[in-house]
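Residue-level listing of the chains:
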Amino acid sequence: MAFDQQTTTPHTSAYPARSRAGRLAGGGTEGNERLTAATGAALIVLLAVIGITLLRLRPLLSVHLFVGMLLIPPVLLKLASTGYRFVRYYTHDPVYRRKGPPAPALRLMAPMVVLTTVVVLASGVALLFIGPSSRDTLLPIHKVSFIVWSLFFVLHVLGHLIELPSALRADWDPAARLSGDVTGRSGRALSLAGALVAGVVLAILVIPEFGPWLHGSGLFHNH
């Protein structure tokens, strides 16, 4: 395994470089699980904000648009971490095969979670950039896909609820770190922080596109 840093001895010239690489990219299956869990937890918080804005969309529309754009890089990171596990497992990587696949129900839901996530984000971005003229065509797609996605997302979260706290504690809880391996912790922290910063930057860059929606008259009479 490329992630197994234990096979290199301190006496080889490559050890320092490999050690630094391990701190950023190591961790194997446990590291992948922790990155997925941490990213998922961040998404839960951001999506809770989105849910609050839906209760009073007109006054909170700017927050809805901003957080919606901020979500994109963390969502891509989550898809990348789960996709990486998927590829390694189905290409018969021995470590990932020993780890085993997710529960059957979660595997069955995964395609719908991914599909609805893509549709929700893509329709939201399209609405933002095309403007209120797309309200009659794209807004129903955005609404329906969000409802379907919400159902699958809640089931997905419930399916991982038991192991989520321990996965989140594993890298940062002092007691957990004493008894476990934190290889790759720096890389996981940088990955998540980078995704969140990229989301904030992206959201700030598209603020000028908010104007037509914020200043439109009667655009949200159904809310």
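A brief look at the structure comes next. (Residues numbered from 1 in each chain as written. Predicted model: local features only at pLDDT ≥ 70, side-chain atom pairs only at ≥ 80, totals over all residues. Heavy atoms only, no water.)

Notes on the packing of helix α3 (residues 61–70) against helix α4 (residues 72–90)
Stage number 1. It is at 4 Å that the axes of α3 and α4 come closest, and there the two elements cross at 30°. Of the residues in α4, those touching α3 at G68, M69 and L70 are I72, P73 and P74.
Stage number 2. Of the residues contributing to the contact of α3 with α4, the split by class is five nonpolar, one polar and no charged. (Axes fitted to C-alpha atoms, helices over the stretch in contact; angles between N-to-C directions. Helix = DSSP H or I, 4+ residues; strand = E, 2+ residues; numbered from the N terminus. Contact = heavy atoms within 4.5 Å. Nonpolar A, V, L, I, M, F, W, Y, C, P; charged D, E, K, R; others polar.)

So, the packing of aromatic side chains
Stage number 1. According to the stated counting rule, one finds five aromatic pairs in the structure shown.
Stage number 2. Between Y84 and Y96 the ring centres are 6.0 Å apart and the planes differ by 80°, which places this aromatic pair in the edge-to-face class. Taken together, the residues span a long stretch of sequence, with Y84 in helix α4 and Y96 in helix α5 (residues 94–99) at a distance of twelve residues.
Stage number 3. You can call Y84 partly exposed: its relative accessible area is 32%.
Stage number 4. Since its relative accessible area comes to 2%, Y96 is described here as buried.
Stage number 5. Between F86 and Y90, the aromatic rings sit 4.8 Å apart at their centres with planes inclined by 50°, giving tilted as the arrangement. Placement of both F86 and Y90 in helix α4 is noted, with a separation of four residues, approximately one turn of the helix.
Stage number 6. Accessibility expressed as a relative area gives 51% for F86, which makes it exposed.
Stage number 7. Judged by its relative accessible area of 42%, Y90 is partly exposed.
Stage number 8. Connected via pairs of aromatic rings, a cluster forms that spans F86, Y89 and Y90. (Phe/Tyr/Trp six-rings, centres within 6.5 Å; stacked < 30°, edge-to-face > 60°. Buried < 20%, exposed > 50% of the residue type's maximum accessible area, 1.4 Å probe, protein only.)

These results come straight from atomic positions and should not be treated as a statement about function.
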